[in-house]
Amino acid sequence: MSLFDLFLAFLWGAGAAAALSYCFNISYYDIVWGALIGGLGWAVYTAALSPDGSASVLSYFWGALVVAFLSEILAIIIKKPATIYIVPGLLPFVPGGDMFKTMRAAVEGNLQESLNIGFATLSAAGAIAVAIALSSSASRIVKSLIKYLHNKRDKESHDERI
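Owing to the predicted nature of the structure, the values given are computational and were not obtained by experimental measurement.

Draft legend 1. The overall build of the protein chain, seen in detail. When its secondary structure is counted, the protein chain shows six helices and zero strands. N-terminal to C-terminal, the α/β element order of the protein chain is α-α-α-α-α-α. Projecting the C-alpha coordinates of the protein chain onto the three principal axes gives extents of approximately 80 × 35 × 30 Å. Put simply, of all contacts in the protein chain between residues at least 6 apart along the chain, 65% involve residues at least 24 apart. For the protein chain, the accessible area works out to roughly 10300 Å², and carbon and sulfur atoms hold 70% of it. Counting 11 positive and 11 negative side-chain charges, the protein chain places the centres of these two groups 11 Å from one another.

Shown next, in the form of structure tokens:
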């Protein structure tokens with residue numbers, strides 16, 4: 001995969017995230033940040049694809065983890081909910097096309113193909129969910145640790161004054 005391909009993936013991901021942010025009526029300032037996060041996530045997803053270009057569960061996981069992690073960091077810095085950046089950044093990852101293929105195979109009577117595609121689709125959705133959960137949990141742990149250390153420092157400085 002060339003650097004130009006990754007740059008194009010970044011542009012497509014940023015454009016998709018910006019368009020979805022606009023549709024969700026997010027402020028223009030946040031659209032820029034959401035577009036950057038969505039573009040980086042899609043570039044990581046593209047870089048993690050299999051050599052034959054097929055999507056794997058790990059590519060979904062790494063792309064979603066980047067989006068969720070950067071959204072949590074940005075939410076702390078800007079003091080806004082992380083959902084503002086997570087939802088538009090992750091919407092391009094949703095395996096809707098594969099879900100359509102699953103249903104089409106089931107309607108056509110190809111049960112084995114339907115099960116194979118359906119399992120791959122659910123695995124991709126599960127990888128996205130696990131990435132969001134890991135990022136959110138890590139963010140909460142870091143926030144509580146920072147709060148604990150801040151309170152401890154304040155208590156020590158208060159005790160020294162007395």
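Draft legend 2. Molecular detail of the pattern of salt bridges. Counted according to the given criterion, the structure contains two salt bridges. Of the charged contacts in the structure, one is a salt bridge between Lys80 and Asp30, with a shortest N-O distance of 2.8 Å. Of this pair, Lys80 sits in the loop between α3 (57-78) and α4 (83-90) while Asp30 sits in helix α2 (residues 28-47), and the two are 50 residues apart along the sequence. We classify Lys80 as partly exposed; its relative accessible area is 30%. For Lys101, the salt bridge identified is with Asp98, shortest N-O distance 3.9 Å. Linking Lys101 with Asp98, this pair stays in helix α5 (residues 96-108), spanning three residues, or about one helical turn.

Draft legend 3. Local environment of the packing of aromatic side chains. All told, the structure shown has six aromatic pairs when counted by the stated rule. For the ring pair Tyr29 and Trp33, a centre distance of 6.5 Å and an interplane angle of 75 degrees mean the geometry is edge-to-face. Of this pair, Tyr29 and Trp33 both sit in helix α2, four residues apart, roughly one helical turn. Given the relative accessible area of 32%, Trp33 is considered partly exposed. One aromatic cluster is present, built from ring pairs that chain together Trp42, Tyr45, Tyr60 and Phe93.

Draft legend 4. Quick look at unusual backbone geometry. Positive phi values are uncommon outside glycine, yet Asn25 reaches one of about 60 degrees. Position of Asn25 relative to the elements: it lies in the loop between α1 (3-23) and α2. Phi is positive for Lys79, which is not a glycine, with a value near 65 degrees. When you line up the elements, Lys79 lands in the loop between α3 and α4.

Draft legend 5. Spatial organisation of the side chain of Ser21. Within the secondary structure, Ser21 is located in helix α1. Of the polar contacts made by the side chain of Ser21, one reaches the backbone oxygen of Ala17; its length is 2.8 Å. When near neighbours in sequence (up to four residues on either side) are disregarded, Ser21 contacts Ile26, Ile31 and Pro88.

Draft legend 6. Examining a nonpolar patch on the surface more closely. Side chains of Phe4, Phe7, Leu8, Leu11 and Trp12 sit close together on the surface and give an oily, nonpolar patch of about 570 Å² of accessible area. With respect to the helices and strands, Phe4 occurs in helix α1. Here Phe4 falls in the exposed class, since its relative accessible area comes to 54%.

Draft legend 7. Broad picture of the packing of α2 against α3. Across the interface, α2 lies against α3 with an axial gap of 7 Å and an inter-helix angle of 155 degrees. The angle between α2 and α3 places the two elements in the roughly antiparallel class. Considering how the two elements wind past one another, α2 and α3 form a crossing that is right-handed. Side by side, α2 and α3 meet where Tyr29, Trp33, Ile37, Leu40, Gly41, Val44 and Tyr45 of the first sit next to Ser59, Tyr60, Trp62, Gly63, Val66, Val67, Leu70, Ser71, Leu74 and Ile78 of the second.

Rules and cut-offs
Residues numbered from 1 in each chain as written. Predicted model: local features only at pLDDT ≥ 70, side-chain atom pairs only at ≥ 80, totals over all residues. Heavy atoms only, no water. Helix = DSSP H or I, 4+ residues; strand = E, 2+ residues; numbered from the N terminus. Contact = heavy atoms within 4.5 Å. Areas by Shrake-Rupley, 256 points an atom, 1.4 Å probe, with all protein chains shown as cover. Lys, Arg positive; Asp, Glu negative; His and termini not counted. Charge placed at Lys NZ, Arg CZ, Asp CG, Glu CD. Salt bridge = Lys/Arg side-chain N within 4 Å of Asp/Glu carboxyl O. Buried < 20%, exposed > 50% of the residue type's maximum accessible area, 1.4 Å probe, protein only. Phe/Tyr/Trp six-rings, centres within 6.5 Å; stacked < 30°, edge-to-face > 60°. Polar contact = N/O pair within 3.5 Å; in protein donor to acceptor, adjacent residues only side chain to side chain. Patch = residues over 30% accessible without salt bridge, like charges linked within 9 Å, V, L, I, M, F, W, Y side chains within 5 Å. Axes fitted to C-alpha atoms, helices over the stretch in contact; angles between N-to-C directions. Parallel < 35°, antiparallel > 145°, perpendicular 65-115°, else oblique. Left-handed = near helix turned anticlockwise from the far one by under 90°.

From the geometry alone we can't say anything about function, so treat these as descriptive.
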